[in-house]
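Structural overview
Given next are the chains, with one letter for each unit.
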Amino acid sequence: MSSDDVRAVNETQHERFLEGVGQNTMSDGPYMDVNTPKEGAAVEKVFDGENSEDNDLGTSNDLGTSNDQAESVKEYNCDNAAFNNTDDTAVDGGGAPPDGGSESSVPLERIRTRLFSSRLHSQRQIYQRKFIFNLLMLGALSIAMFSLYWGALYNHQSHFHQVKFIAFLGDDGELTQGIEPILRNAVPHFEIYNDTTIKQKYGQDVNVTEKIHHLVHTLHYWGSLIVYPNATNAFVDSLTNPESPSFNSTNYFEFFYESARDLANYRTTILPLLTQQETTYKETYFYKTYLPKIISNLTNISGSKLAAASDMQWREIDNRAFTDSTLMGPMQVGLIYCVLLTFFQLSLFGPVHGMITPLLKPVHIIIYRLVSSWATYFFLSLFFCTVSAIFKVDFTLAYGRAGFIVYWMTTWLLMGAVGGANENVLSLLLAFYPQFLGFWLITWIILNISPSFVSMVLCNRLYRYGYMTPIYNGLECYRVIFMNTYKGNLGRNYGVLVAWCVLNTLLFPLVMKVVGKKFKNDAKKKAAGSK
């Protein structure tokens, strides 16, 4: 046994200790079966006496301990070589080193073992704890966040009473007497006016039809029912006077609404609450009571006029119709992609930021990151909007030829709002809890889309937090751009987006300070550990 062998053993043992694996065979398996020399002086004697090998090894009990260490290394390497050539059995003995080399020339290596080997007992315990913890975290995320989105779609019927319509009954004849009781007993709320009450509220000179249409357009009501004056007289005259024209119910009964207010839910959920009043009226009053009574009191009725009078159909006017299904892209799922794009740009530029920021002063780091982000959003929003142009979406309804520019700048502002929040939170997570990046992304998306993709009038009051989210306000701006809906709330919508951008910008230096301090501490710990 040479002094080089002893040196190799002790240096290897020291390196293992620094790596944190040392003698703990329960945590990382038996890398080596050695006993630390009790007398450090004896080891130094070996190092100092490399040229007097026979005398030192023959007379020192302490060096005998080192000799035992070297023999253990020999056994370990032989075991390792034999283990790599077998599947499940342990090797007890040694053997000659490969290629006829010396025993000390075989390097120390980590060994591979079976999944249920006793060597991996501590690792399996760690995995079990992590497995349970990760499942609990994923379960909590799923139940909390998905419940928030599912909740926006749940039990809309219990909120139908919050939907407000306006009804004007301008005819006080027998034909329309059955309408008012039906409206008062309806599930949605109807504000009912006649010629007298509506003029008392809005003035004697008010144009009733224009006023009601304006109230619906300005979002005071979800729709209206107008029964025009002289409906009863026109109905009776068409049956009794041969000279009078046939009765056309669409000239006297009118629904007015704007389906663009909610692309996904208006026609399927809200509009039926309005139009079902027509069905109820015809089934419970017109065909069952009024029409039989009129026919029984008349003789010599023209068959064609009777058929026209019996065909009770109310006119529907969709003042802002949703007819282009392509708009579901930028106004629904496209908004989710907008959030994702701001996330991806941060991950793509991460290596570049890591290269440049260590070379800059703190103030210039902030300037560099902000300019970089906003420049990226500028071009990214252009690419996003170009897709809608490629598929021939009409941008001219509200702003004419400038519509595309307005759409582009709105998307830029929206990306700045959602992307700035992404950048701040993701920077903190990367420094402290990088494994939770995906958790934030799902949370941020669901918090934004839950109150945006469903009309708040159909949801619990909890979802009114959506009035302050970027996606909700961006969607309201898009409705004006693509559908020419009411512009009166644009000040609030753009104001919320600007507020998010300002808040994100103000928080960014603080975030960078916290993250920078964390990285400095980590670097100091790493440097101290490597000494």
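Keep in mind it's a predicted model, so treat the numbers as computed, not measured.

**Looking at the overall build of the protein chain**
Scanning the protein chain from terminus to terminus reveals 19 helices and 5 strands. With 531 residues in all, the protein chain has 43% of them scored as buried. Put simply, 74% of the contacts in the protein chain that link residues at least 6 apart link residues at least 24 apart.

**Considering the side chain of arginine 479**
Within the element layout of this structure, arginine 479 appears in helix H18 (residues 470–483). In this view, arginine 479 contacts Ala260, Arg261, Asp262, Met331, Ser452, Asn484 and Thr485; residues no more than four positions away in its chain are not counted.

**Looking at the nonpolar core**
Counting residues in hydrophobic clusters, the biggest one holds 54 residues, and the most contacted among them are Tyr407, Leu414, Tyr478 and Phe482. When contributions to this core are tallied by element, the ones reaching two or more residues are helix H6 (121–153), helix H13 (328–356), helix H14 (362–390), helix H16 (403–432), helix H17 (437–449), H18 and helix H19 (490–530). Considering each element in turn, this core owes the most residues, 10 residues, to H16. The residues contacting tyrosine 478, other than those within four sequence positions of it, are Pro330, Met331, Leu335, Phe384, Tyr407, Thr410, Thr411, Leu414 and Met483. Of all hydrophobic cores here, the second largest spans 38 residues; its members include Leu239, Phe247, Tyr257 and Tyr285.

**Here we look at the pattern of salt bridges**
Under the definition given, this model contains 10 salt bridges. Its salt-bridge partner being glutamate 423, residue arginine 369 comes within 2.8 Å of it at the nearest N-O pair. With a gap of 54 residues between them, arginine 369 in helix H14 and glutamate 423 in helix H16 connect regions that are remote in the sequence. Comparing arginine 369 with glutamate 423, the two get one shared label, buried.

**Thoughts on unusual backbone geometry**
Its identity is not glycine, yet lysine 392 carries a phi of approximately 60°, on the positive side. Counting through the fold element by element, lysine 392 comes out in the loop between H14 and helix H15 (396–399). Assessed through its relative accessible area of 73%, lysine 392 is described here as exposed. Residues other than glycine seldom take positive phi values, yet asparagine 484 does so here, at roughly 60°. The residue asparagine 484 is located in the loop between H18 and H19 in this model. Judged by relative accessible area, asparagine 484 falls into the buried class, the value being 18%.

The rules behind these values
- Residues numbered from 1 in each chain as written.
- Predicted model: local features only at pLDDT ≥ 70, side-chain atom pairs only at ≥ 80, totals over all residues.
- Heavy atoms only, no water.
- Helix = DSSP H or I, 4+ residues; strand = E, 2+ residues; numbered from the N terminus.
- Buried < 20%, exposed > 50% of the residue type's maximum accessible area, 1.4 Å probe, protein only.
- Contact = heavy atoms within 4.5 Å.
- Core = buried A, V, L, I, M, F, W, Y, C linked by side-chain atoms within 4.5 Å.
- Salt bridge = Lys/Arg side-chain N within 4 Å of Asp/Glu carboxyl O.

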